[in-house]
Amino acid sequence: MDRIRIRGGRQLKGEITVSGAKNAALPLMVASMLSDKPLTLKNVPRLADISTMIQLLQQHGVEIQAAPGENGHSHGTTLTLCGSKITSTVAPYDIVRKMRASVLVLGVLLAREGEARVSLPGGCAIGARPVDLHIAGLRAMGAEIDIDGGYMVARAPKGLKGARYTFPKVSVGATENLMMAAALAKGTTVLANAAREPEIIDLAECLAKMGVPITGIGTETLTIEGAQQLKAATHTVVPDRIETGTYAMAVAMTAGDVELVGGRLDLMEAAAQTLRAAGVVMEKTNRGFRVTRANGLHGVDVMTEPYPGFPTDLQAQMMALMTRAEGASMITETIFESRFMHVPELARMGANVVVHGESALVRGVPKLRGADVMATDLRASVSLAIAALAAEGDTTLHRVYHLDRGFERLEEKLAACGADIERLKG
Ligand code: UD1
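Residues numbered from 1 in each chain as written. Predicted model: local features only at pLDDT ≥ 70, side-chain atom pairs only at ≥ 80, totals over all residues. Heavy atoms only, no water.

Participant: Any chance you could explain the site of the ligand here in plain terms?
Facilitator: Contacts to the ligand come from 19 residues, most closely from Asp 132, Leu 133, Ser 171, Asp 313 and Ile 335. Here an oxygen atom of the ligand sits 2.6 Å away from a polar atom, N or O, in the side chain of Ser 171. For the ligand, an oxygen atom lies 2.5 Å from a polar atom in the backbone of Ile 335. Considered on its own, the ligand offers 740 Å² of accessible surface; in the complex 88% of this is hidden by protein. For the shell around the ligand, the secondary-structure elements that each account for two or more residues are helix H5 (132-140) and helix H6 (172-184). It is H5 that provides the largest number of residues to the shell around the ligand, a total of three residues. Looking at the shell around the ligand residue by residue, the classes come out as eight nonpolar, five polar and six charged. (Near = heavy atom within 4 Å. Polar contact = N/O pair within 3.5 Å; in protein donor to acceptor, adjacent residues only side chain to side chain. Areas by Shrake-Rupley, 256 points an atom, 1.4 Å probe, with all protein chains shown as cover. Helix = DSSP H or I, 4+ residues; strand = E, 2+ residues; numbered from the N terminus. Nonpolar A, V, L, I, M, F, W, Y, C, P; charged D, E, K, R; others polar.)

Right, here's the structure in full:
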């Protein structure tokens, strides 16, 4: 298994190009299955999760072509996906267990084919992560869903019907699943207390281009008219706000000076406000924004919340940054119940963090030291890389496959800004 070695102490200087958002690209790819006409997606990041989604969609019968991106700054891919014929309505355990976002095919297959058999995603390192809201929402639209042999077995013999559904809890994935199901359902669907992450907006805008009338985009109530026939469409994936925030924190950690090309502060206002309070300077440029630090870092309190709140996907990285701040920082995780797996690993590097229930108290330390550390999930692993950039000596990050799921060419991007980082193969 690959490892990444980082020798800390170098300031990051230069520019980093932000990739397309993984969490936008995955549902957009699934949306191609709604239509028998091609959907072209530009700025798709090159990531293990995208390859897994390609594999899943291909086994459902979607024809997919990949071409290098045309945008000079971006290294993304252009994917053309054509779901002219669905050949299988089964999403097998072997693929779903690798990537939870696979459950997004449930609504689309039900809406288009009237049936689906989708594996339950199973255990996950960051909490139980059930799919009850996906199921309840689809039932409200007329689906019959049973659990059998670890699979959700769903049928809608008379097709899905538009319905009004209020989410008891905000869920990104369940909102996406229902939006796509509603796109082909009979009549109008109203989704209340829907998630409004930028990735949801991206999906809504793409569905609108495909011929699905949607109103309330960007609000917590989405109204979707089911369409009979969809059109060919082309859509560019929104920049990755989590990757942007992660690099902003990495730069701040090393007191560096980096322009994040394509980075959009308007997609990460809560995180930007928190970073500014911690002493990070971010200034808009023509191509994105520049990150510097005037003085030292100060401890700030953070609570994760659904968008537009501080994202849970930046919590681990923020904690890494706070390990070197002056004073204390209280970090509260309200979205996932066991998302502090990075704490013992940060402690191996000398961080002072105490967890009390859903909050972690981080007391800044004057120095971190390199160590062997283990990545436990995608965002936790990158938080260890951030800590390593400022640690004395060498850090070896094990289980790098977590990083490869969600960060495109991380070591190349950091090395280009002067980081001492290399991938050790095997
Ligand atoms: C998505 C993101 C993930 C991010 C998360 C929260 C993708 C591919 N992944 O995950 O990176 O961390 O949003 O911003 O976009 N829940 C239920 N029942 C359900 C569904 C969810 O109880 O049926 C709970 C979850 O356990 C969690 C909370 O709702 O506590 C939010 O989860 P959700 O927004 O659904 O996350 P994902 O869509 O899985």
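That covers the picture; the talk isn't over yet.
Participant: What am I meant to see in unusual backbone geometry here?
Facilitator: Glycine aside, residues mostly have negative phi angles, and peptide bonds mostly take the trans form. Residue Tyr 307 is joined to Pro 308 through a cis peptide bond whose omega torsion reads 10°. Inspection of the secondary structure assignment puts Pro 308 in the loop between strand S18 (302-303) and helix H10 (315-322). In this model, Asn 193 sits at a positive phi of 55°, which is unusual for a non-glycine residue. Residue Asn 193 is classed as partly exposed on the basis of its relative accessible area, which comes to 27%. (Buried < 20%, exposed > 50% of the residue type's maximum accessible area, 1.4 Å probe, protein only.)

Participant: Explain the sheet that holds strand S5 (residues 77-82) here, please?
Facilitator: Within a beta sheet, neighbouring strands are joined by backbone hydrogen bonds and run either parallel or antiparallel to one another. Taking strand neighbours across the sheet as the criterion, the four strands line up as S4-S5-S3-S14 in an open arrangement whose pairing is mixed. In this open sheet, the two strands that pair with only one neighbour each are strand S4 (63-68) and strand S14 (233-236). Taking each pair of neighbouring strands and ignoring which way they run, the sheet shows an average axis angle of 15°. Sheet analysis places strand S3 (residues 39-44) next to S5, joined by four bridges and oriented antiparallel. (Pairing = 2+ DSSP bridges. Axes fitted to C-alpha atoms, helices over the stretch in contact; angles between N-to-C directions.)

Participant: Would you mind showing me how to read the pattern of salt bridges here?
Facilitator: Once the charged atoms of two side chains with opposite charge are near each other, the side chains can pair. Evaluated as defined, the whole model comprises 26 salt bridges. A salt bridge links Glu 144 to Arg 155; the nearest nitrogen and oxygen atoms lie 3.0 Å apart. Taken together, the residues span a long stretch of sequence, with Glu 144 in strand S8 (residues 144-148) and Arg 155 in strand S9 (residues 151-155) at a distance of eleven residues. Look at Arg 155 and you get partly exposed, because its relative accessible area is 43%. Put simply, Arg 264 and Asp 266 hold a salt bridge, and the shortest N to O gap is 2.8 Å. A relative accessible area of 34% places Arg 264 in the partly exposed class. Residue classification places Asp 266 among the partly exposed positions, given a relative accessible area of 39%. Each of Arg 5, Arg 7, Arg 10, Asp 394, Asp 420 and Glu 422 takes part in a single network of salt bridges with overlapping partners. (Salt bridge = Lys/Arg side-chain N within 4 Å of Asp/Glu carboxyl O.)

Everything listed here is a matter of coordinates, which is why it stays silent on function.
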